[in-house]
Amino acid sequence: MKNTQSNTDQGFSRELKSRHVQLIALGGTIGTGLFLGSGQGIHLAGSSILFAYLITGIMCFLLMRALGELLLSDLNVHSYIDFIRRYLGDNMSFVAGWTYWICWITIAMAEITAAGQYMQYWFPQLPQWATGLALLAILLLLNSVTVSAFGETEFWFAIIKIVAIIGLILAGLYMVAVHFPTPVGHASVTNLFNGGFFANGWKGFFLSFQMVLFSFVGIEMVGMTASETANPDKVIPKAINEIPMRIILFYLGSLLALMCIYPWQAISPTSSPFVQVFKNAGIQAAASIINFVVLTAAASACNSSLFTTGRMLFSLTYGGEGRFAKRMSTLSKAQVPVHALRFSTVVIAVSVFLNLLIPGHVFAFVASVATTCFLFIWGAIVVAHLKYRKQLQANGETGHGFRMPLFPLSDYAVLVFLAGVAVVLLFRTDTLIALVGSAIWLLALWFGKRIHDREKASGLVGTSTKGTDEIESDESSH
């Protein structure tokens, strides 16, 4: 019988330090969604965007508390997909796992495409594909060395983003304090209330949640680090519990600064509001600074994608009998799933060449479908947590000390929130198409898995090959 614990102990090394996990958690919530996409959210909701970020931040914190309790209930699992398998079944874990893998693949595809565009700001003649390939090669090399190399790289990527946001907040404080003149008036707290706090009504407020929610995509990445974190019982709870303060400081702080400097109507929905602020603070190199920051954010997203897709592919193929599964679930001497990393990198690299053939709007659609699928991923995590707690109660057990606050109301609140965002997606054509595309993808995976299981069962009658049920039985026994 397979011993899950020994396999894991002999597999992944626990080299991620507290500062790595802290910054991975933070870096996962700060990206191009904030630096470039916040202008669109402000345009839709006006100053009430602050409430949208606050509500979404609270829901994401509760999501992470549910995930944290699951992770700490069994530190021998490879990823949180194992908990979905344990509590929601093999079919659901298959759909969630491969959806999560393809989500990060497509996010990386979009980001390396964007990275090529960012580099062309300084080097107009540089082919876009050259930047993408070079970035992938460098990040694959770093991820293949040791897990600490990934952690260290992500640590410094996150530092750059944090410095940029702190710079914005300090610039905002200074400009408001001196009543700094701008092209549209003066920097002042009264700019927040220009046209009213809910200037575009409730419709604009609710429509902003689509962009706001997807600014938080990646926050669940902590769930991929637990099996490689030193002293996870202390590090994971600390990283999760500090999420609310980070959200208040970095998201609300930066948006508050933006809308105090400019009336929200003057903030462009199509370009980075950060560029506007730095330019009007007298920093002539504002565009270059922000271009460097968003290039860093793109590289960070690619770095996170390689780490996540490599570990997820390892987890999905772990214990498989096929040649592909055995190779993908093999670790290098550095205890890194290097084959899974390389395979994921090759798939991402395909976008470099497809970018020459397929129009940009196709990539935008694929990325939109991927991010919409996160509603399903996050929902599955919460439902798995509900099942876990109900199982504990049925067995008369208390579980780990890091417990979900206000259970079960908090779990239901997150599920209602995610369902509400899905409803909001119905009211815009682009997001409606993405939602329908996501539903088709999820249903195709579900029925594909059921058909495959039936064919496998009929084809393996009388053989001694270990089936899925036996593997699950082995894993649950440990």
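Thresholds applied
Residues numbered from 1 in each chain as written. Predicted model: local features only at pLDDT ≥ 70, side-chain atom pairs only at ≥ 80, totals over all residues. Heavy atoms only, no water. Helix = DSSP H or I, 4+ residues; strand = E, 2+ residues; numbered from the N terminus. Buried < 20%, exposed > 50% of the residue type's maximum accessible area, 1.4 Å probe, protein only. Contact = heavy atoms within 4.5 Å. Areas by Shrake-Rupley, 256 points an atom, 1.4 Å probe, with all protein chains shown as cover. Expected span 1.5 Å × (residues − 1). Arc of directions from axis to C-beta. Axes fitted to C-alpha atoms, helices over the stretch in contact; angles between N-to-C directions. Parallel < 35°, antiparallel > 145°, perpendicular 65-115°, else oblique. Nonpolar A, V, L, I, M, F, W, Y, C, P; charged D, E, K, R; others polar. Core = buried A, V, L, I, M, F, W, Y, C linked by side-chain atoms within 4.5 Å. Phe/Tyr/Trp six-rings, centres within 6.5 Å; stacked < 30°, edge-to-face > 60°. Lys NZ or Arg CZ within 6 Å of the ring centre and 35° of its normal. Patch = residues over 30% accessible without salt bridge, like charges linked within 9 Å, V, L, I, M, F, W, Y side chains within 5 Å. Salt bridge = Lys/Arg side-chain N within 4 Å of Asp/Glu carboxyl O. pLDDT = per-residue confidence, 0-100. Lys, Arg positive; Asp, Glu negative; His and termini not counted. Polar contact = N/O pair within 3.5 Å; in protein donor to acceptor, adjacent residues only side chain to side chain.

Asker: What am I meant to see in the overall build of the chain here?
Answerer: For the chain, the helix and strand inventory stands at 21 helices and two strands. When each of the 478 residues of the chain is scored for burial, the buried share is 57%. In the chain, the share of contacts with a sequence separation of at least 24, taken over all contacts with a separation of at least 6, comes to 82%. Carbon and sulfur atoms make up 67% of the accessible area of the chain, which totals about 19500 Å².

Asker: I tried to follow helix H19 (residues 409-424) on my own but got confused; where do I start?
Answerer: Side chains three or four residues apart in an α-helix point the same way, a direct result of the helix having 3.6 residues per turn. Between the first and last C-alpha of H19 there are 22 Å, a value that for 16 residues agrees with the 22 Å anticipated at 1.5 Å per step. Of the positions making up H19, those classed as buried are Ser410, Asp411, Val414, Phe417, Leu418, Val421 and Val424. Along the long axis of H19, the arc covered by the buried residues comes to 145°, so they all point the same way. Pointing more than 90 degrees away from the buried face of H19 are the exposed residues Leu409 and Val416.

Asker: What should I look at first to understand the packing of helix H8 (residues 128-145) against helix H9 (residues 147-177) in this one?
Answerer: Pairs of packed helices are described in terms of their axes, by the angle between the two and the distance that separates them. Running from N to C, H8 and H9 point in directions that differ by 130°, and their axes come no closer than 6 Å. If you check the angle between H8 and H9, you find them oblique. In this structure, H8 uses Leu139, Leu142, Asn143 and Val145 to contact H9, whose residues at the interface are Ala149, Phe150, Thr153 and Phe157. Among the residues forming the contact of H8 with H9, the class breakdown is six nonpolar, two polar and no charged.

Asker: Sorry if this is basic, but what is going on with the nonpolar core here?
Answerer: Among soluble globular proteins, nonpolar side chains are generally buried collectively. Ranked by size, the top nonpolar core spans 130 residues in total, and within it Tyr80, Phe216, Met259, Phe274 and Trp378 carry the most contacts. Considering each element in turn, this core owes the most residues, 15 residues, to helix H5 (residues 49-73).

Asker: Would you mind going over the packing of aromatic side chains with me for this structure?
Answerer: Here the distance between the centres and the angle between the planes together describe a pair of aromatic rings. By the definition in use, this model includes 24 aromatic pairs. For the pair tryptophan 98 and tryptophan 101, a centre-to-centre distance of 5.5 Å together with 80° between the ring planes defines the contact as edge-to-face. Here the residue tryptophan 98 and the residue tryptophan 101 both occupy positions in helix H7 (residues 90-122), the gap between them amounting to three residues, near one helical turn. Note on phenylalanine 205 and phenylalanine 209: the rings are 5.2 Å apart at their centroids and 85° apart in plane angle, and the pair reads as edge-to-face. Accessibility classification places phenylalanine 205 together with phenylalanine 209 in one group, the buried group. Through a chain of ring-to-ring contacts, three or more aromatic side chains come together here, namely Phe51, Phe198, Trp202, Phe205, Phe206, Phe209 and Phe417. In this structure, arginine 65 packs its charged tip against the face of phenylalanine 402, placed 4.1 Å from the ring centre. A cation over an aromatic ring shows up here: arginine 389 above the ring of phenylalanine 407, its NZ or CZ 4.2 Å from the ring centre.

Asker: So what exactly am I meant to see when it comes to helix H4 (residues 38-45) here?
Answerer: When you tally the buried positions in H4, you get six out of eight residues, the bulk of the element. Within the span of H4, buried status applies to Ser38, Gly39, Gly41, Ile42, Leu44 and Ala45. Directly beyond the C-terminal end of H4, a positive phi value near 70° is found at glycine 46.

Asker: What is the right way to look at the environment of phenylalanine 274 in this model?
Answerer: Among the structural elements, phenylalanine 274 can be located in helix H14 (residues 273-280). Its relative accessible area of 0% is what places phenylalanine 274 among the buried residues. On a C-alpha basis, the gap between phenylalanine 274 and leucine 255 in space is 9.6 Å, while along the polypeptide they are 19 residues apart. Contact partners of phenylalanine 274, with chain neighbours within four places excluded, come to Leu34, Phe35, Ser38, Ile165, Leu168, Ser254, Leu258 and Ile290.

Asker: Any chance you could explain a nonpolar patch on the surface here in plain terms?
Answerer: Together, Phe51, Leu54, Ile55, Ile58, Met245 and Ile248 line one region of the surface with nonpolar side chains, adding up to about 530 Å² of accessible area. Residue assignment for the nonpolar patch shows that the elements contributing at least two residues are H5 and helix H13 (243-261). Ranked by the residues each element gives to the nonpolar patch, the list is headed by H5, at four residues. Topologically, isoleucine 248 is positioned in helix H13.

Asker: Would you explain the confidence of the model for the chain in this entry?
Answerer: Low pLDDT marks regions whose predicted coordinates should not be analysed in detail. Of the residues in the chain, 82% have a pLDDT of 70 or more, and the chain-wide mean is 78. Per-residue pLDDT, averaged within each element of the chain, yields its smallest value for helix H1 (residues 4-10) (39) and its largest for H19 (94). This model gives residues 1-10 a pLDDT under 50, and the stretch forms 20 contacts once residues within four places in sequence are excluded. Between residues 461-478, whose pLDDT stays under 50, and residues either more than four places distant or in other chains, the model counts 23 contacts.

Asker: Where do I start with the side chain of lysine 161 in this structure?
Answerer: Secondary-structure assignment places lysine 161 in helix H9. Glutamate 154 provides the closest opposite charge to the buried, salt-bridge-free lysine 161, at an N-O distance of 4.6 Å. Separated by 3.3 Å, the side chains of lysine 161 and serine 300 make a polar contact.

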